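What follows is each chain in one-letter form.
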Amino acid sequence: MFREVVQVITSHRQTEGGGFVVRRPFPTPGFAHADPFLLLDEMGPVEYRPGEAIGAPDHPHRGFETVTYVLEGEAEHADSAGHRGRIGPGDVQWMTAGRGVVHAEMPSRVMHERGGRMHGFQLWVNLPARDKMVPPRYQEIPSSSIPSASTPDGLATVRVIAGEALGARAQIETRTPIGYQHWRFEAGAALEVPLPRAHAAYVYVFDGSVAVAGRTLQAGQFAVLGAGDTVPFAASDLGQALLLSGIPLGEPVVQYGPFVMNTAHEIEQAILDYRAGRLGAIDHAEPPQGEHT
Ligand code: FE
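An account of the accompanying structure is given in this report. Fair warning: this is a prediction, and the values are worked out from it, not measured in the lab. (Residues numbered from 1 in each chain as written. Predicted model: local features only at pLDDT ≥ 70, side-chain atom pairs only at ≥ 80, totals over all residues. Heavy atoms only, no water.)

### Thoughts on the coordination of the iron ion
Each protein donor to the iron ion is listed here as His59 (NE2), His61 (NE2), His103 (NE2) and Glu105 (OE); together their distances run 2.1 to 2.3 Å. Angles of 84 to 177° at the metal separate the four donor atoms of the iron ion, which places the site in the irregular class. Mapping the donors of the iron ion onto the primary sequence gives the spacing H-x1-H-x41-H-x1-E. Look at His103 and you get buried, because its relative accessible area is 0%. With a relative accessible area of 17%, Glu105 lands in the buried category. (Donors = N, O, S within 2.8 Å, 3.2 Å for Na, K, Ca; no water. Tetrahedral: all angles 85-135°; square planar, octahedral: opposite > 155°, others 65-115°. Buried < 20%, exposed > 50% of the residue type's maximum accessible area, 1.4 Å probe, protein only.)

Below you can see the structure in the form of structure tokens.
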């Protein structure tokens with residue numbers, strides 16, 4: 001039994017603040033989150049001139065995970081738990097904020113100085129109540145360690161960021177079962193991708209167009225899929241999409257900006273802890289990794 005498209009959300013590209021270009025399929029009015037996911041941002045694609053690239057300086061998170069996947073450009077991460085990293089095309093950072101971190105997500109210095117093209121995604125993965133206060137963790141997966149596989153006809157290729165597809169298994173460790181697949185389809189591609197029945201499933205098309213269960217989605221469209229065993233994809237032209245899946249948590253979501261907990265009381269505690277400095281601070285005296293030039 002294949003999964004039908006039950007809802008389509010059309011996101012629009014918009015410019016935030018000082019020139020940060022994003023397309024955000026959710027949250028959006030009328031569609032708060034896609035359990036177990038809380039947010040999806042497509043950053044760019046945008047061409048920055050020298051000095052123009054901007055990021056998100058020191059800010060806190062508690063109660064969920066932020067996953068950054070870079071397609072073009074270069075981003076840097078530093079956090080109060082002492083994790084540092086720089087990721088480029090094809091790389092992934094999977095940060096478990098857990099009980100809390102303060103982190104900074106910035107374009108690399110080279111990117112800031114010289115400018116360049118930036119394109120990528122940030123996905124927020126919710127944590128179940130039992131894991132919201134786990135110690136912060138940071139997993140950095142270079143592009144070379146992200147498995148990919150193609151269909152026998154070569155018309156569909158997947159990079160597996162989390163979970164498994166076409167026999168390729170990701171090395172990322174997730175707190176609950178999560179599937180995060182980046183598909184690229186050539187004209188004529190047609191296949192059915194199996195997914196565990198217990199997973200909720202979502203497709204975000206970000207390039208060209210892709211047909212999901214007979215429904216053609218254009219770049220910028222996000223689809224909520226119904227129950228079933230497989231996701232039928234077809235392409236009559238070039239298209240790229242993210243296939244996201246996971247077991248829905250089915251727990252209350254109380255969000256205040258960068259904190260996502262289960263109760264209002266837990267949010268108040270997060271704010272108190274942050275104000276009291278208990279989420280720590282980034283040691284800016286230490287140069288970012290790989291920047292000793
Ligand atoms: Fe952040």
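### Observations regarding the packing of aromatic side chains
Following the criterion strictly, the structure yields 14 aromatic pairs and no others. Taken together through their ring pairs, the aromatic side chains of Phe26, Phe31, Phe37, Tyr202 and Phe222 make up a single cluster. (Phe/Tyr/Trp six-rings, centres within 6.5 Å; stacked < 30°, edge-to-face > 60°.)

### What to know about the pattern of salt bridges
Counted by the stated rule, this structure contains 13 salt bridges. Between Glu42 and Arg13 there is a salt bridge whose closest N-O contact spans 3.9 Å. Of the two residues, Glu42 is situated in strand 4 (residues 37–48) and Arg13 in strand 2 (residues 13–16); the sequence distance between them amounts to 29 residues. Taking the relative accessible area as the measure of exposure, Arg13 reaches 40% and is therefore partly exposed. Note that Arg117 and Glu72 form a salt bridge whose closest N and O atoms lie 2.8 Å from each other. On the criterion of sequence distance, the pair formed by Arg117 in strand 11 (residues 116–126) and Glu72 in strand 6 (residues 64–72) is long-range, its members being 45 residues apart. By relative accessible area, which is 38% here, Arg117 ends up partly exposed. Bridged by salt links that share partners, the residues Arg13, Arg23 and Glu42 form one connected network. (Salt bridge = Lys/Arg side-chain N within 4 Å of Asp/Glu carboxyl O. Helix = DSSP H or I, 4+ residues; strand = E, 2+ residues; numbered from the N terminus.)

### Thoughts on the sheet that holds strand 9 (residues 92–96)
The strand order across the open sheet built from seven strands is 2-3-4-11-6-9-12, with neighbouring strands paired in antiparallel fashion. In this open sheet, the two edge strands, each paired with only one partner strand, are strand 2 and strand 12 (137–141). When strand polarity is set aside, the average angle formed by the axes of neighbouring strands in this sheet is 20°. Where strand 9 and strand 12 come together, five bridges link them in antiparallel fashion. Residue pairing in the sheet places Thr96 in a bridge with Arg137 of strand 12. (Pairing = 2+ DSSP bridges. Axes fitted to C-alpha atoms, helices over the stretch in contact; angles between N-to-C directions.)

### Some words on the pairing of strand 14 (residues 156–162)
Buried residues dominate strand 14, accounting for six of its seven residues. Taken together, the three bridges between strand 13 (residues 148–150) and strand 14 define a ladder with antiparallel strand orientation. Paired with Ser150 across the two strands is Thr157, which belongs to strand 14. Where strand 13 folds back on strand 14, the antiparallel hairpin that results is connected by five residues, among which Gly154 adopts a positive phi of roughly 75°. Where strand 14 lies against strand 17 (residues 178–185), six bridges are found, and the strand directions are antiparallel. Looking at the pairing, Ala156 lines up with Phe185 of strand 17.

All we've got here are geometric facts, nothing functional implied.
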